[in-house]
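# Architecture at a glance
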Amino acid sequence: MCTLSLSLRKFSFWVVPSMASFVESGWQFLITHFSDFQLACFGSFFLHESVFFLSGLPFVWFERAGWLSNYKIQGKNNSPAAQEKCIVRLILYHFGVNLPVVIFSYPVFKYMGMRSSLPLPSWNVILTQIIFYFILEDFVFYWGHRVLHTKWLYKHVHSVHHEYATPFGLTSEYAHPAEILFLGFATIIGPAVTGPHLVTLWLWMVLRVLETVEAHCGYHFPWSPSNFFPLYGGSDFHDYHHRLLYTKSGNYSSTFTYMDWIFGTDIGYRKLKALKRATVENNQCNKIYE
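In this text the structure is predicted, and so the values were computed from the model without any measurement. (Residues numbered from 1 in each chain as written. Predicted model: local features only at pLDDT ≥ 70, side-chain atom pairs only at ≥ 80, totals over all residues. Heavy atoms only, no water.)

## Section: the overall build of the protein chain
Summing up its helical and strand segments, the protein chain has 10 helices and zero strands in all. Mapped from its N terminus to its C terminus, the protein chain presents α and β elements in the order α-α-α-α-α-α-α-α-α-α. Within the protein chain, buried positions represent 42% of all 290 residues. Considering only contacts within the protein chain whose residues lie at least 6 apart along the sequence, 75% involve residues at least 24 apart. Element-wise, carbon and sulfur atoms account for 71% of the exposed surface of the protein chain, whose accessible area totals about 16300 Å². (Helix = DSSP H or I, 4+ residues; strand = E, 2+ residues; numbered from the N terminus. Buried < 20%, exposed > 50% of the residue type's maximum accessible area, 1.4 Å probe, protein only. Contact = heavy atoms within 4.5 Å. Areas by Shrake-Rupley, 256 points an atom, 1.4 Å probe, with all protein chains shown as cover.)

See the structure below:
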């Protein structure tokens, strides 16, 4: 046991510093060859596009090929034409809305203290800030989303996002330009307030993109995060929101479920889950007595 403990300590001693050195070397290369503006604006945009499409496109192929259908939440599929329409409009929205927003918000982030220089922040600082961003984003998003489900705003703005009652990964960012600006505020308010290091902002962006793509993917896998984290919403939670249109859908949260639970906007979803559990239990009982 002592030998194993000593070996693990040696492994930690050599591996952790070497990983940190590797990351710092890579970051040194970036800040040497690119300006702060280029990294914060075009680097962030490139990273977002890469993570978003690489994580979202597989669900287009899964749906078309019928792969992993056992894990699909809804039996319905989107037509190839509907999927292509989503992709084309996403590209237009990203270049026409997202990129200008990133560029014009750069002075605000700089004013609040965002930097890209070395040294990199410690993992304690990074994790603390990202946890804060998730909590703040979820609170702001919940109320903004509820407002979008009021009659006029739903009809003229939010109904664009709900064109896809059967969501797939890429539909997570398919929305009216006004909604992109409105709910995008929830994502950037945390970093805008704290002025983080750019590496923290990039990590937050990657996690947020992966979370929203997973929530819209249309599949509930055994390895889905909601199976391991009780307060995590995930695909099953948000898919219910898309199946019920207009103002009575509920499940307005983005990442966690506690806001919907506190304000009772997940009652329909919880009743449906209870009904499904009761049905499964009855079927199991019937099989036992057969």
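## Concerning the UniProt feature "transmembrane region" (unreviewed entry) in the protein chain
What UniProt calls "transmembrane region" (unreviewed entry) maps, in this numbering, to residues 12-31, 37-62, 86-106, 126-144 and 180-205. Along residues 37-62, the helical share is 100% and the strand share 0%, with 38 Å between the first and last C-alpha atoms. (UniProt positions renumbered as here; feature names shortened; annotations may be inferred.)

## Side note on the pattern of salt bridges
Two side chains of opposite charge can pair, provided their charged atoms sit close to one another. A full pass over the atoms with the stated rule returns nine salt bridges. Its salt-bridge partner being E84, residue R64 comes within 3.5 Å of it at the nearest N-O pair. Note that R64 is positioned in helix α2 (residues 36-65) and E84 in helix α3 (residues 80-111), a separation of 20 residues in sequence. A salt bridge links R208 to E211; the shortest N-O distance between them is 2.3 Å. (Salt bridge = Lys/Arg side-chain N within 4 Å of Asp/Glu carboxyl O.)

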